[in-house]
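Tertiary structure, described
Read off the chains here:
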Amino acid sequence: VLRCLGIPTRVITNFNSAHDKNLNLSIDKYIDKSGKTLSLSEDSVWNFHVWNESWFIRRDLGSFYDGWQVLDATPQEKSKGIYQCGPASTRAIKEGDVNLDYDSPFVFAAVNADCVTWIRYSKKRRERVFSDTRKIGKFISTKAVGTNSRVDITANYKYPEVKEISFKISYSQYKNSLMDDKKILVTAV
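Residues numbered from 1 in each chain as written. Predicted model: local features only at pLDDT ≥ 70, side-chain atom pairs only at ≥ 80, totals over all residues. Heavy atoms only, no water.

Okay, the pairing of strand E10 (residues 126–132) next. Two strands pair when backbone bridges link them, and strand E9 (residues 114–120) and E10 are joined in this way by six bridges, in the antiparallel orientation. From the neighbouring strand, tryptophan 118 faces E10, where its bridge partner is arginine 128. Between E9 and E10, which pair antiparallel and follow one another directly, the connecting turn spans five residues. (Pairing = 2+ DSSP bridges. Helix = DSSP H or I, 4+ residues; strand = E, 2+ residues; numbered from the N terminus.)

Within the secondary structure, serine 149 is located in the loop between strand E11 (138–143) and strand E12 (150–152). For serine 149, a relative accessible area of 42% corresponds to the partly exposed category. Once residues lying within four places of it in the same chain are set aside, the contact partners of serine 149 are Thr142, Lys143 and Ala144. (Buried < 20%, exposed > 50% of the residue type's maximum accessible area, 1.4 Å probe, protein only. Contact = heavy atoms within 4.5 Å.)

On to the nonpolar core. Generally speaking, soluble globular proteins have nonpolar side chains that are buried together. Of all hydrophobic cores here, the largest spans 13 residues; its most connected members are Ile93, Val107 and Tyr157. Tallying contributions element by element places helix H2 (residues 104–112) first for this core, with four residues. Excluding its chain neighbours within four sequence positions, the residues that come into contact with isoleucine 93 are Ala88, Ser104, Val107, Phe108, Val111 and Tyr157. Ranked by size, the runner-up nonpolar core spans six residues in total, among them Ile27, Ala113, Cys115 and Ile136. (Core = buried A, V, L, I, M, F, W, Y, C linked by side-chain atoms within 4.5 Å.)

What follows concerns the sheet that holds E11. Overall, antiparallel pairing links the six strands, which are arranged E8-E5-E4-E1-E11-E12 in an open sheet. Both outer strands of the open sheet, strand E8 (88–89) and E12, are each paired with one neighbouring strand and no more. Note: E11 against E12, three bridges, orientation antiparallel. From the neighbouring strand, lysine 143 faces E12, where its bridge partner is arginine 150. In the packing of H2 onto the sheet, the strands contacted are strand E1 (9–19), strand E4 (44–56), strand E5 (67–71), E8 and E11, and the crossing angle to E1 comes to about 70 degrees. (Axes fitted to C-alpha atoms, helices over the stretch in contact; angles between N-to-C directions.)

Let's shift gears to H2. With respect to burial, H2 is a largely interior element, eight of its nine residues being buried. Within H2, burial applies to Ser104, Pro105, Phe106, Val107, Phe108, Ala109, Ala110 and Val111.

Put into C-alpha cells, the structure is as follows:
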C-alpha cells in the first residue's frame, strides 16, 4: 500500500530474531541447579522474522531519525493497547535510543538482544552464568533492486560486534611486567 502512495518501501528479513516479551532487552533462559530448563520466561528466538521498512521524514522525532523506518504488519505484542509495531527509526535502533516511542525497544531487542542464561536457586536468588551477545540479529537482509540478490543491511541496524582477543601469558611474565612497572596497551581493530 505504501508503495502505491509513492513511499519507498522494502521487505526486511532478520535471522535469529529475538522476541523480547518483557522488554528488558535480553532473552532470558532459566535453569535449575541440575541444568534443567525452567519455564519462567516467555522470551524466544525465532529462526527469522520479516517486517517492512519505509522511508519517512520524522518531524516528530527530529531530522536525525529521518530515513528508513520499521513497520511490522504482523506484530505479536500490543503497543499502546493495540497490535501494532512502528514506525521505529532504524537510526534509533542502531544508536540504542530505546526510550523513543513507536516500539524502538522491541525492534532493538529483535536485532540486538543478549541471550542470557540464569541459574535459579530460589524465587529471590538467581545467578547469571552465561551471556551470548552475538547470537541475535544475523544477516539482516533485503532484496536488491532489479535482481534477486540479497543485500546485507545489518550495518543499518547495529554496529559490528567487537571481536574478542584471547591471549595467554605465563605467571612469571605477568609478575615481571608488574615488577618492571611496564604498562601494556592492547588495541583491537
